[in-house]
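Chain and residue survey
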Amino acid sequence: MARKKISLIGGGQIGGVLAQLIALRKLADVVLFDIVEDMPQGKTLDIIEASRIDGFDVKLTGVNSYEGIKDSDIVIVTAGLPRKPGMSRDDLLVTNAKIMNSVAQGVKEFAPNAIAIIISNPLDAMVTLFQKVTGFPHNRVIGQAGVLDSSRFSSFIAWELGVSVKDVNAMVLGGHGDTMVPLVRYANVNGLPVMEQLEKKYNSAEKAKEVMDAMVKRTKDAGGEVVKLLKTGSAFYSPASAATAMAEAILGDQKRVLPSCVYLNGEYGVKGYFVGVPAVLGANGCERVLEVSLNEEEKSAFDKSVNAVVSLVADMERLGF
Ligand code: A3D
């Protein structure tokens, strides 16, 4: 059986780490595409030259032409500028929409059957634009944000409770921006509610809430925290890991339940927008959306986040995209 093929559109920070992760996990052959001449060729050569040491024999190719992405099973898009300190993700809208427009045309022409995972920011708008330009069925266009935001939230919980992060299950829903919704009530350590553990640790419901509120805030600000420290770009190891997990779920038809930015057709009372919700990822991309019962407070936070996505998409449309 021929090996699967993943094309990475954008060979910058995230694209480079993605290429290495996919090779290390022997997931698929990799094509790294960028408009910068020689750079994707240089990065893939560098990774290949470690293959004897790391023990992988998948093929990696760097290209500057869309021809190279033909017959891709999955396309992962990171093309676009990252944030600089002080910028919000939404500040990237105009520049990255232009880039996404050209990327989507290239993918539509040369990899029309691929499943696309979008990472470029502002995420929810870029996913929407990619689907609009390609006309791909909605199940084949998925944004990466929730896997990373949830992993960040899980890390903070694990540190706070002094437990392995492997036993923490915590999900973040909504748009990939300041309004994202970490689902506190459902967060658990192997089934044990996190809030209950915090209350036991501090012997105070009030203190537990204070500690949780701080973790929720840190989760929402986590991207900005890394940008501030790096000074020259945004997070790249963790988003690459997140998208690799999504690609693995799709190629392996794993039916994993991963919070993803997917098209809602009435679920959660939302129709016609891509929003972060728990999705079943398998061979057909987003195969199903799982609904979670939300209490009034959660529902109102989720609706606020959906409204932020709606207004971001409206801004993009006003700009002519
Ligand atoms: P960076 O290292 O700048 O890489 C972007 C690459 O895109 C560069 O190599 C560019 O040459 C390339 N590029 C520019 N225009 C085009 C084009 N028209 N066609 C193909 N390639 C092009 O950025 P990065 O890898 O750090 O981040 C990439 C994107 O991901 C940015 O928009 C970030 O904001 C976003 N990001 C998203 C998350 C999420 O969790 C959603 C997290 C971190 C970063």
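See the structure printed just above.
Within each chain, residue numbers correspond to sequence positions counted from 1 in written order. This being a predicted model, a pLDDT of at least 70 is required before a residue's local features are given, and a value of 80 or more before pairs of side-chain atoms are given or counted; all residues contribute to the totals for chains, interfaces and linings. No hydrogens and no water enter the side-chain calculation; it runs on all heavy atoms of the structure.

**Structural notes on the overall build of the chain**
The test is simple: Secondary structure counts use DSSP, requiring at least four H or I residues in a row for a helix and at least two E residues in a row for a strand, with both numbered from the N terminus. Computation of the radius of gyration draws on C-alpha atoms alone. For the globule rule, the value is 2.2 Å times the number of residues to the power 0.38. The contact rule is simple, with two residues in contact once any of their heavy atoms fall within 4.5 Å. The Shrake-Rupley method, run with a 1.4 Å probe sphere, supplies the accessible areas, and residue values consider only the shown protein chains as cover. In this charge count, Lys and Arg are treated as positive and Asp and Glu as negative; neither His nor the chain ends contribute. Charge positions come from single atoms, namely NZ of Lys, CZ of Arg, CG of Asp or CD of Glu.
Counting its secondary structure elements, the chain contains 11 helices and 14 strands. Taken over the C-alpha trace, the chain has a radius of gyration of 19 Å; the compact-globule value for 321 residues is 20 Å, and the two agree within 12%. Summarising its shape, the C-alpha atoms of the chain cover approximately 60 × 50 × 40 Å along the three principal directions. Partitioning the contacts of the chain with sequence separation of at least 6, the portion at a separation of at least 24 is 69%. For the chain, the exposed area adds up to about 14800 Å²; of that, 51% sits on carbon and sulfur atoms. Of note, the chain has its 35 positive side-chain charges centred 1 Å away from the centre of its 37 negative side-chain charges.

**Examining unusual backbone geometry**
Here is the rule: Relative accessibility under 20% of the residue-type maximum defines a buried residue, over 50% an exposed one, and the middle range a partly exposed one, all with a 1.4 Å probe and only protein chains included.
In this model, Asn121 is joined to Pro122 through a cis peptide bond whose omega is -5°. Checked against the element boundaries, Pro122 lands in the loop between β5 (115–118) and α5 (123–134). Although it is not a glycine, Asn190 adopts a positive phi angle of roughly 45°. With respect to the secondary-structure elements, Asn190 resides in the loop between β10 (188–189) and β11 (192–193). For Tyr268, which is not glycine, the phi dihedral falls at a positive 55°. Assignment of secondary structure puts Tyr268 in the loop between β12 (256–265) and β13 (271–282). Residue classification places Tyr268 among the buried positions, given a relative accessible area of 7%.

**What about the side chain of Thr44?**
Under the convention used in this document: N or O atoms closer than or at 3.5 Å make up a polar contact, with two conditions inside protein: a donor-capable atom paired with an acceptor-capable one, and, for residues adjacent in sequence, both atoms drawn from side chains.
Positionally, Thr44 belongs in helix α2 (residues 39–48). Accessibility expressed as a relative area gives 3% for Thr44, which makes it buried. In terms of polar contacts, Thr44 uses its side chain to reach the backbone carbonyl oxygen of Gln41, at 3.2 Å. With residues up to four places along the chain from it excluded, the contact list for Thr44 reads Leu32, Leu60, Thr61 and Gly62.

**Describing the pattern of salt bridges**
Spelled out, the test is: The rule for a salt bridge is simple: a side-chain nitrogen of Lys or Arg has to be within 4 Å of a carboxyl oxygen of Asp or Glu.
Per the stated rule, a full pass over the model turns up 15 salt bridges. Ionic pairing is found between Asp149 and Arg152, a salt bridge with its closest N-O pair at 3.7 Å. Taken as a pair, Asp149 and Arg152 lie in helix α6 (residues 146–161) at a separation of three residues, close to a single helical turn. Judged on exposure class, the residue Asp149 and its partner Arg152 are both buried. Between Glu210 and Lys207 there is a salt bridge whose closest N-O contact spans 3.6 Å. Here Glu210 pairs with Lys207, and both are found in helix α8 (residues 205–220), just three residues apart, close to one helical turn. Given a relative accessible area of 48%, Glu210 falls into the partly exposed group. Owing to a relative accessible area of 32%, Lys207 belongs among the partly exposed residues under this scheme. Overlapping salt bridges bring together Arg3, Asp29 and Asp57 as one network.

**Describing the pairing of β12**
Stated precisely, the cut-off is as follows: Any two strands between which DSSP finds at least two bridges are classified as paired.
Two elements, β12 and β13, share 10 bridges in a ladder whose sense is antiparallel. Within the sheet, the bridge partner assigned to Val257 lies in β13 and is Val280. The antiparallel hairpin formed by β12 and β13 contains five residues in its connecting segment, where Gly266 sits at a positive phi of about 110°.

**Observations regarding the sheet that holds β10**
Overall, antiparallel pairing links the three strands, which are arranged β7-β10-β11 in an open sheet. The open sheet is flanked by β7 (168–169) and β11, the only strands paired with a single partner. Bridging between β10 and β11 involves two bridges; their strand directions are antiparallel. Within β11, the position partnered with Asn188 by the bridge is Pro193.

**Section: empty space enclosed by the protein**
How we decide: Only protein atoms enter the calculation, which uses a 1 Å grid: trapped sets of points that fit a 1.4 Å probe without letting it out are cavities, open sets showing protein on both sides within 12 Å along at least five of seven lines are pockets, and any residue with an atom within 4 Å of a point is a lining residue. Grid points are joined across faces, edges and corners, and a volume is the space filled by probe spheres set on the points.
Within this structure, the stated rule accounts for one cavity of 30 Å³ or more. Within the residue set of the lining of the largest cavity, elements represented by two or more residues are α6, β8 (172–173) and β12.

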